[in-house]
Structures are given as structure tokens and as C-alpha cells.
Amino acid sequence: MSRIYFFGIAAVLYLAFDLYIYQAIRVLISDYEVLTRRLVSVAYFGVSLVLFLGIMLYEQLDPKQFQNLRLFITTAFFITLIGKLISAIFLVADDFRRLVTYVMNLMPSRAETPKDLSRSEFLSKSAIIAGTVPIAVFSFGIVSGAHDYRIRKRQIVSPNVPKAFDGLRIVQVSDIHTGSFFNKTAVAGGVDLINQQKGDIVFFTGDLVNNQSDEAKPYLDIFSKIDAPMGVYSTMGNHDYGDYRSWASPQAKQADVLQLQEMHRYMGWDILLNENRLIKEGADQIAILGLENWGAGRFSKYGDLAKTYAGTEEAEFKILLSHDPSHWDAQVRPEFPDIDLMLAGHTHGMQFGIEIGDFRWSPSQYIYKQWADLYKDGSQYLYVNRGFGFLGYPGRVGILPEITVLELKHG
């Protein structure tokens, strides 16, 4: 019964909000023919009704059978809701203007020539335009931005780079999030682009899935095509542990985590779970340290950096794979100053922002000190990959999916 009450209250509030926004539409179509006005009204309320019912019935749709439909419903609902909220700002401003006008009309000096209290056509048009812009932008971000992979190239210059590894070409991929994908062809094209970079070594820095290992199954054969002469190394991100869904038992959750790790191995990736690998070229060597997820604040801390580091003391150059960039300031820099380069992801650059030349802005920067691209402190480097996939919103606006190419230089 409580669910019925919730549905009823939500329906009333949603309808009231829709009627409020419809006032702006009604002003704009007031001069149209009757049939046109009716068609516009039916289309507006019809789309709203379909999306509202979709959200209310979301949990009843099987996530495996109706994955894409669930994604479409939630995305369309929230994109249109954002547009309506922005439109409402202009309507509230118009209501404030009308209230002031109403009060002024009550004054004796205005009794003979009262001002018009009807809605402003200008503000109504502004409301519709302002509400349409985010709908158009976020829709374009799905159609065009979701798989618009960009190659980011940077040099890591350090006297610690051994001569034998001078010019080593590293390709980094992060935050694949297979559970969000809806276009296998585009994903396969992204993998082809990874291989076209001809990296000597490839690193994946976590979040293969959103919530559970089954999400990765349709894409294992696609990502198994990633190849590099010196191997593909990977580690775990916060979403890979199943912490964001409920499980029948702790054992079921652990079994799923182990299955996901086996999937890494199936693809030919050397998954590092608080482990390291030493790569030698003659007398020279570098160390690859793979840490399980460790994030500052509320994020999980499965990683043990002391354990991961052990045995790499003599390596001239150390590369740490650690999913969350907050780990760099929280532990890596203060406690392990001889880790030369840390590779991270996690932020996605919030999948929204502006990048023009060297100028970068995203809401992500108000949450993370290091949120995208290359950072340096003393002799230590951090690179934060913007992510290969997406989570929640199935697209990207401004902050596009990334394949990173880093070149090590002795100097």
C-alpha cells in the first residue's frame, strides 16, 4: 500500500510540475491553429507520461533482458527533467515579475491604468530555449561523445628512467565500465585505436564493470585483442568489488570478484592484486606495482601499498597502477617518494566540462585536486586518465573518452 501512496504522490507532483512548465509552451503556441496546439500538447504530456511510467516500472524490468531500455528510460527522464528545471527558473522569474506588478496595481496611483499580469512572451520563449539547450547538448553527448575516443600523448622525463627503457611507449586505459556499453561496434573500434598506438606495454587502471562480473562477458573477446610486446597489466577499481549492489551473501560477492579477476586472465591481462612485476632489459629494470583500490575518504581501501612495494626497492624506475588519484597525495607522495610515476583514473572528468588548449574545467575539479591529465610534484608524476567508458549518463560532453600514450625519457 505504501508503494501505491508513493506512486500517487509522485504522479501528482510530477503532473503539477509539468503543468507549470506547460504554461510557457501555451504562451508560445497561442497563435497556432487549434489542431497544432492539440498536437503539441499531446506530444508534450505524452512523452512525460511515458517517461514517468518508465521510471516507476524501472525495477520491474529485467536488467539483463532490458539493459538498453532501462538505460534509455533513465537517461531520457533525467535529461528532460534537467531541461524542465532550467525552464522553471525563467518561469519563477516571470512569476516574481507578475507578483510585483500585481502589488503595484493595488496602489491607488495605478488603479486607473493597471499593468498587464499575463505571462511575458519574452520570458516564456527564454524558458523554452534555455530548457531545450541542455536536452540537445546531453543528447549530442550520447550520440557523438560516448565513443569519440581521443589520444592524449605526454612525455615523462626523469633521470631515473634507465637507458634501456629510454623511449618506452606506455598505453594506459582506465574505467571501461562494460555494464554501461550499448554499441559493441564502437567499443571494438576503440580497441583497434588502442592497438594502433603500438605501445610497448599497456596498463589498465581499474573499473572493468559497474557492479558485477557478468557485465563484462559480452566484451571479453573484444578486449582480449589488446596486445603489446611487453604485456598488458591491470588492477582493480572501486566498482570491481561489487560494493554498490546487494548480494545474497558475502560468499556470493567474493565469488563474483574472483570470477572478474579470472576474466582479466582470460583476456591475457596480468592482473596485479597488491603485487609487482620486475621488467628487465640487460642490467636495467623497472618495476610495475599493481595496487587494489585505495581511495581517500569514503572509498574502499583494499590496497596495501607496503605489500605491493616490497621487492621493488632496487628498481631504478617504479610505476604504480592505483585507480583513485586521491591516493597520490594521501599516501604515495608522503610515504613512497621513490615511486616515480602513478597511473590512475576514477574521476571520468565527470564526463562533462570544457577543454580548449591548456584550459580545462569540469565539476570534477571541485571534488578532486588531480582529476585529469599530467601532474608533477618534485620528481614524482601522476597521470589521471579520463576513462574509456562511462557511468550513469551514457555519454560525454566536453570531457571525451581517452586513450593515453606516455613516453618515458631519460633526462
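Below is a summary of the structure that appears in this document. (Residues numbered from 1 in each chain as written. Predicted model: local features only at pLDDT ≥ 70, side-chain atom pairs only at ≥ 80, totals over all residues. Heavy atoms only, no water.)

### Here's the deal with the overall build of the chain
Working step 1: When helices and strands are counted, the chain shows nine helices and 14 strands.
Working step 2: Taken over the C-alpha atoms alone, the chain extends approximately 95 × 45 × 35 Å along its principal axes.
Working step 3: Counting across all 411 residues of the chain, residues that qualify as buried make up 49%.
Working step 4: Long-range contacts, defined here as pairs at least 24 residues apart, represent 74% of the contacts in the chain between residues at least 6 apart.
Working step 5: Of the roughly 20000 Å² that the chain leaves accessible, carbon and sulfur atoms contribute 61%.
Working step 6: Within the chain, the 44 negative side-chain charges are centred at a point lying 7 Å from the centre of the 39 positive side-chain charges. (Helix = DSSP H or I, 4+ residues; strand = E, 2+ residues; numbered from the N terminus. Buried < 20%, exposed > 50% of the residue type's maximum accessible area, 1.4 Å probe, protein only. Contact = heavy atoms within 4.5 Å. Areas by Shrake-Rupley, 256 points an atom, 1.4 Å probe, with all protein chains shown as cover. Lys, Arg positive; Asp, Glu negative; His and termini not counted. Charge placed at Lys NZ, Arg CZ, Asp CG, Glu CD.)

### Observations concerning the pattern of salt bridges
Working step 1: On inspection of all chains with the given rule, the structure shows 22 salt bridges.
Working step 2: The residue K409 makes a salt bridge to D166 at a minimum N-O spacing of 4.0 Å. Of the two residues, K409 sits in strand β14 (residues 402-410) while D166 sits in the loop between β1 (150-158) and β2 (169-173), which places them 243 residues apart along the sequence.
Working step 3: K409 sits in the partly exposed class, given a relative accessible area of 25%. (Salt bridge = Lys/Arg side-chain N within 4 Å of Asp/Glu carboxyl O.)

### Some remarks on the packing of aromatic side chains
Working step 1: Enumeration according to the criterion identifies 21 aromatic pairs in this entry.
Working step 2: Taking the centre distance of 4.9 Å and the plane angle of 80° together, the rings of Y44 and F45 count as edge-to-face.
Working step 3: An aromatic cluster is defined as three or more aromatic residues linked by ring pairs; in this entry it consists of Y149, F181, F182, Y219, F223, F388 and F390.
Working step 4: Above the plane of the ring of F299 lies R298, whose end atom (NZ or CZ) is 4.3 Å from the centre.
Working step 5: Seen from the ring of W294, K301 lies directly overhead, with NZ or CZ sitting 5.2 Å from the centre. (Phe/Tyr/Trp six-rings, centres within 6.5 Å; stacked < 30°, edge-to-face > 60°. Lys NZ or Arg CZ within 6 Å of the ring centre and 35° of its normal.)

### Thoughts on helix α5 (residues 184-196)
Working step 1: Taking 1.5 Å per residue, 13 residues should reach 18 Å; α5 reaches 18 Å between its end C-alpha atoms and fits that length.
Working step 2: A186, V187, G190, V191 and I194 are the residues of α5 that are buried. Down the axis of α5, the buried set is contained in an arc of 150°. They therefore lie on one face. Exposed and facing more than 90 degrees away from the buried side of α5 are T185 and Q196.
Working step 3: Summarising the contacts, the buried residues of α5 are in contact with β2, α6 (220-223) and β14.
Working step 4: Here α5 starts with a cap whose side-chain oxygen sits 3.2 Å from the backbone nitrogen of T185, and that cap is N183.
Working step 5: A positive phi of about 50° marks K198, the residue just after α5. (Expected span 1.5 Å × (residues − 1). Arc of directions from axis to C-beta. Polar contact = N/O pair within 3.5 Å; in protein donor to acceptor, adjacent residues only side chain to side chain.)

### Examining helix α1 (residues 2-28)
Working step 1: The end-to-end C-alpha distance of α1, which contains 27 residues, comes to 40 Å, matching closely the 39 Å that a straight helix rising 1.5 Å per residue would cover.
Working step 2: Of all the bends in α1, the largest measures some 30° and sits at Y22.
Working step 3: Residues of α1 that are buried sit in contact with α2 (34-56), α3 (67-106) and α4 (121-145). (Bend = angle between axes of the 7 residues up to and from the residue.)

### Focus on the packing of α1 against α4
Working step 1: The geometry of α1 relative to α4 is characterised by a closest axis approach of 9 Å and an angle of 120° between their N-to-C directions. Classified by chirality, the crossing of α4 by α1 is left-handed. In this structure, α1 uses A24, I25, V27 and L28 to contact α4, whose residues at the interface are E121, S124, K125, A127 and I128.
Working step 2: Its residues placed into classes, the contact of α1 with α4 shows six nonpolar, one polar and two charged. (Axes fitted to C-alpha atoms, helices over the stretch in contact; angles between N-to-C directions. Left-handed = near helix turned anticlockwise from the far one by under 90°. Nonpolar A, V, L, I, M, F, W, Y, C, P; charged D, E, K, R; others polar.)

### Some thoughts on the sheet that holds β1
Where strands meet in a sheet, backbone hydrogen bonds hold them as pairs that are either parallel or antiparallel.
Working step 1: The six strands are arranged β1-β14-β2-β3-β4-β5 in an open sheet whose pairing can be described as mixed. Every other strand in the sheet has two partners, leaving β1 and β5 (269-271) as the edge strands with one partner each. The sheet shows a mean angle of 25° between the axes of neighbouring strands, taken without regard to direction.
Working step 2: Relative to strand β3 (residues 201-204), β2 runs parallel, the two being bridged by four bridges. Directly across from V171, in β3, lies its bridge partner V202.
Working step 3: The strands that α5 touches are β1, β2 and β14; relative to β14, the one it contacts most, it runs at about 10°.
Working step 4: Set on the sheet, helix α7 (residues 250-266) makes contact with β3, β4 (232-234) and β5; between it and β5 the angle comes to about 140°. (Pairing = 2+ DSSP bridges.)

### Concerning the pairing of strand β9 (residues 341-344)
Working step 1: Side chains L341 and L343 project from β9 onto one buried face, and the interleaved M342 and A344 project onto a second face that is buried too.
Working step 2: Of the strand pairs in this sheet, β9 and strand β13 (residues 380-384) are connected by four bridges, and their pairing is parallel. Within the sheet, the bridge partner assigned to A344 lies in β13 and is V384.

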